[in-house]
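What follows is each chain in one-letter form.
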Amino acid sequence: MPKVVISDASCLIILSKIGELDLLHLLYSQVYITPEIESEFGESLPNWIIVETVRDKEYQKSLETKLDIGEASAIALAIEKTDSLVILDDLKARKVARELNLVFTGTLGVISKAKEQGYCDKIKPIIQEILQTNFRISQQVINALLSRYGEK
């Protein structure tokens, strides 16, 4: 398990919208975000979410030429923290993370891990809740996840 977990705003927003933000706490105890992500999230934070500023602002600015400010700050913080996992849903951000050899997952990876760790009985109801938000998931990904856990 990584020492540090960093989340972009999308995971926080989606899990908060569906009332499942505590899954992050159950899985990782504490989660790091940047002030930029805190601003994007726009809600008061539980005490297990730690806000930390990226030290290398020049590096973050260079990432902002390709990504939005929240994703750029999450990746920049992940670069500064050794043994980190960064939670990203945006495809471009995931591509950059892959190029930088960062370990990453997404909101669905968090839900999958919660199922594997026994923090939720079924993922289908959670996915159905997510689909009521503006979060896009392909039917292929949904089918693969449900099939993986025997939940058609």
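Residues numbered from 1 in each chain as written. Predicted model: local features only at pLDDT ≥ 70, side-chain atom pairs only at ≥ 80, totals over all residues. Heavy atoms only, no water.

S.K.: Can you walk me through the packing of helix α7 (residues 107-116) against helix α9 (residues 139-148) in this structure?
M.R.: Helix-helix packing is characterised by the crossing angle of the two axes and by the distance between the axes. Contact geometry for α7 and α9: axes closest at 12 Å, N-to-C directions at 10 degrees. As far as their axial angle goes, α9 and α7 are roughly parallel. Facing α7, whose interface residues are L108, S112 and E116, α9 presents V141, L145 and R148. Of the residues in the contact of α7 with α9, the class split is 3 nonpolar, 1 polar and 2 charged. (Axes fitted to C-alpha atoms, helices over the stretch in contact; angles between N-to-C directions. Helix = DSSP H or I, 4+ residues; strand = E, 2+ residues; numbered from the N terminus. Parallel < 35°, antiparallel > 145°, perpendicular 65-115°, else oblique. Contact = heavy atoms within 4.5 Å. Nonpolar A, V, L, I, M, F, W, Y, C, P; charged D, E, K, R; others polar.)

S.K.: Would you explain the side chain of E151 in this entry?
M.R.: Relative to the elements of secondary structure, E151 occurs in the segment after α9. Those residues within four positions of E151 in sequence are excluded, and the remaining contacts are K115, D121, K122, I123, K124, P125 and L146.

S.K.: Sorry if this is basic, but what is going on with unusual backbone geometry here?
M.R.: Most of the time, phi is negative for any residue but glycine, and the peptide bond is trans. One non-glycine residue, S29, adopts positive backbone phi at about 65 degrees. If you trace the backbone, S29 turns up in the loop between α2 (22-28) and β2 (31-33). Despite not being glycine, N101 shows a phi value in the positive range, around 60 degrees. Locating N101 in the fold gives a position in the loop between α6 (91-99) and β5 (103-105). Among the residues examined, N101 registers a relative accessible area of 69% and is labelled exposed. (Buried < 20%, exposed > 50% of the residue type's maximum accessible area, 1.4 Å probe, protein only.)

S.K.: Honestly, the pattern of salt bridges in this entry has me stumped. Any pointers?
M.R.: Pairs may arise between side chains of opposite charge once their charged atoms sit close together. All chains considered together, the criterion is met by 4 salt bridges. A salt bridge links K81 to E52, with the nearest nitrogen and oxygen atoms 2.8 Å apart. Of this pair, K81 sits in the loop between α5 (69-80) and β4 (84-87) while E52 sits in the loop between β3 (49-51) and α4 (57-63), and the two are 29 residues apart along the sequence. A salt bridge links K61 to E64; the nearest nitrogen and oxygen atoms lie 3.7 Å apart. What makes K61 partly exposed here is its relative accessible area of 49%. You can call E64 partly exposed: its relative accessible area is 23%. (Salt bridge = Lys/Arg side-chain N within 4 Å of Asp/Glu carboxyl O.)

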